[in-house]
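Structural characterization, general
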Amino acid sequence: MENILAQASIDAMADLLKEEGFYEGAKLLLLDSLQRFRDIKREVEGLNTFMNDILTTILIKIARIHAETRSLVHMKICLEECIELADEFNRSGFDIKCKGLVPAKYNLARYASYTGNELNALKLLEEVIDMEKKENPASDHHLNALQMCAALHFRLFESREKCIELLAEEYDLQKVIYGSNSYEVRLSKWQLEMLQRGDEPQVVVIENGDVWLGLKFADLQDIRYC
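The name recorded for the protein chain in an unreviewed UniProt entry is MalT-like TPR region domain-containing protein, from Thalassiosira oceanica.

Right, here's the structure in full:
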């Protein structure tokens, strides 16, 4: 319990260091915690599943720091370990699901898109959409996955109909979350209407550490949907 309480402070300190650009310091704090909880998992019988949930949370934070510093190989290693631990947690029979599985798959999709494996990115994003429809339809991961999927379907298959279907789903969710008059909803509506009337979007990769794909129309500046 002392380690779990200490982790909250470590997480807060790591977040502050990351915000100030001290990525190495944030990473060292989180790596120290990661090792501590790995040791607890190994040494204390019966805590495997409980520790997996904590470990996945720490691994996601470390992966995001690797993304910021373009350490993409290390980002991928963290996310793959996170998925393995989350799958182990979810097979344990608990009613709740591991918090790390969706963000791990979402960030691994961003890694795949950034490194040119867009088909795998699309597969992972579709898994995120399927999971969040059941578990947490109003999540940012769900909204962002819908946007990325729309962009990838247009980029890979020039599928306007699929693109419109996904953006319409995102638009309907945003109306519920933000309200019909919000900036996010008005922007989504405008974007959707342009696609429906036949305007040609240009799919762009925005290389900003978040590893993002978005839609950009000819008369728009780059828009970051995350």
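Text resumes after the structure shown.
1. Structural notes on the overall build of the protein chain
A tally of regular secondary structure across the protein chain gives 9 helices and 2 strands. Counting from the amino terminus, the protein chain carries its helices and strands in the arrangement α-α-α-α-α-α-α-α-α-β-β. Sequence separation of at least 24 residues holds for 57% of the intrachain contacts in the protein chain that already meet a minimum separation of 6. When the accessible surface of the protein chain is split by element, carbon and sulfur atoms take 51% of a total near 11900 Å².

2. Structural notes on a nonpolar patch on the surface
A cluster of nonpolar side chains, namely Val 176, Ile 177 and Tyr 178, defines an oily patch on the protein surface of about 280 Å² accessible area. Tracing the chain through its elements places Tyr 178 in helix 8 (residues 160–178). Here Tyr 178 falls in the partly exposed class, since its relative accessible area comes to 36%.

3. Quick word on the packing of aromatic side chains
Applying the stated rule across the entire model yields 1 aromatic pair. On the numbers, 5.7 Å between centres and 20° between planes, the contact of Phe 89 with Phe 94 is stacked.

Rules used in this analysis
Residues numbered from 1 in each chain as written. Predicted model: local features only at pLDDT ≥ 70, side-chain atom pairs only at ≥ 80, totals over all residues. Heavy atoms only, no water. Helix = DSSP H or I, 4+ residues; strand = E, 2+ residues; numbered from the N terminus. Contact = heavy atoms within 4.5 Å. Areas by Shrake-Rupley, 256 points an atom, 1.4 Å probe, with all protein chains shown as cover. Patch = residues over 30% accessible without salt bridge, like charges linked within 9 Å, V, L, I, M, F, W, Y side chains within 5 Å. Salt bridge = Lys/Arg side-chain N within 4 Å of Asp/Glu carboxyl O. Buried < 20%, exposed > 50% of the residue type's maximum accessible area, 1.4 Å probe, protein only. Phe/Tyr/Trp six-rings, centres within 6.5 Å; stacked < 30°, edge-to-face > 60°.

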